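# Architecture at a glance
The residues making up each chain are set out below.
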Amino acid sequence: QREALVYYDNGKFGQHLTVLPGLADGQHVIQVNCTDTFNGVATSTINFNVSVPFNVVSHYPNNGNLNISLDVNIIFTFNKGVNLSTLTNDNIIFEDSKGNKVKFLIHHNNVTNTTIFDPLLFLLPDTTYHFEFKKSNPVKDLDGNKLDFTSITFRTEPKDIDKDWVPDHHDN
């Protein structure tokens, strides 16, 4: 028995088909045309569906960041369009390490799939904050897929009333 040889439409030789990276959501079709050495031809069509998980492409601050500004906006960019009816204050936890809730406004840009969570008040200095998308009431994309992301934690900058770049507890 001989191993199959594969020639692609571009004339390049290979011994197997390669992974198809970057396919968009939806139905896809691959048509395979085979010709043997005796000019026998066989054609096969493969239909398949791709569903890319709904996820976060980038966010600020990053998990574990320190010295975050007290007037920070939390920014998330998603890989797909967001169903805005599922992006509400009810399915997001934003609180400090003592459990004090942070009230915020939500601003979303449909073109860039970027959402800004804008706290109504400055955050407290030298405090750890936790931001989480609830899994019990998930944010969803336009196709109804649940967000595949959980949370970030960050710490704000130390108190520096005189803005001399030295935390107040180190001032003389």
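These numbers were taken from a predicted model, which means no experiment stands behind them.

### Examining unusual backbone geometry
A negative phi holds for most residues other than glycine; trans holds for most peptide bonds. The omega angle of the peptide bond from Y60 to P61 is -5°, so this bond is cis rather than trans. Note that P61 resides in the loop between β5 (56–60) and β6 (74–78). With a phi close to 65°, N39 is a non-glycine residue in the positive phi region. Considering the arrangement of structural elements, one finds N39 in the loop between β3 (26–35) and β4 (41–50). Assessed through its relative accessible area of 62%, N39 is described here as exposed. Although it is not a glycine, N113 adopts a positive phi angle of roughly 55°. Within the secondary structure, N113 sits in the loop between β8 (104–109) and β9 (114–119).

### A look at the side chain of T86
Note on placement: T86 falls in the loop between β6 and β7 (92–96). Given the relative accessible area of 14%, T86 is considered buried. Only 2.9 Å separates the side chain of T86 from the backbone nitrogen of K140, close enough to count as a polar contact. Residues within four places of T86 in sequence aside, it is in contact with N91, P138, V139 and K140.

What counts and how
- Residues numbered from 1 in each chain as written.
- Predicted model: local features only at pLDDT ≥ 70, side-chain atom pairs only at ≥ 80, totals over all residues.
- Heavy atoms only, no water.
- Helix = DSSP H or I, 4+ residues; strand = E, 2+ residues; numbered from the N terminus.
- Buried < 20%, exposed > 50% of the residue type's maximum accessible area, 1.4 Å probe, protein only.
- Polar contact = N/O pair within 3.5 Å; in protein donor to acceptor, adjacent residues only side chain to side chain.
- Contact = heavy atoms within 4.5 Å.

The values are spatial; any link to function lies outside them.
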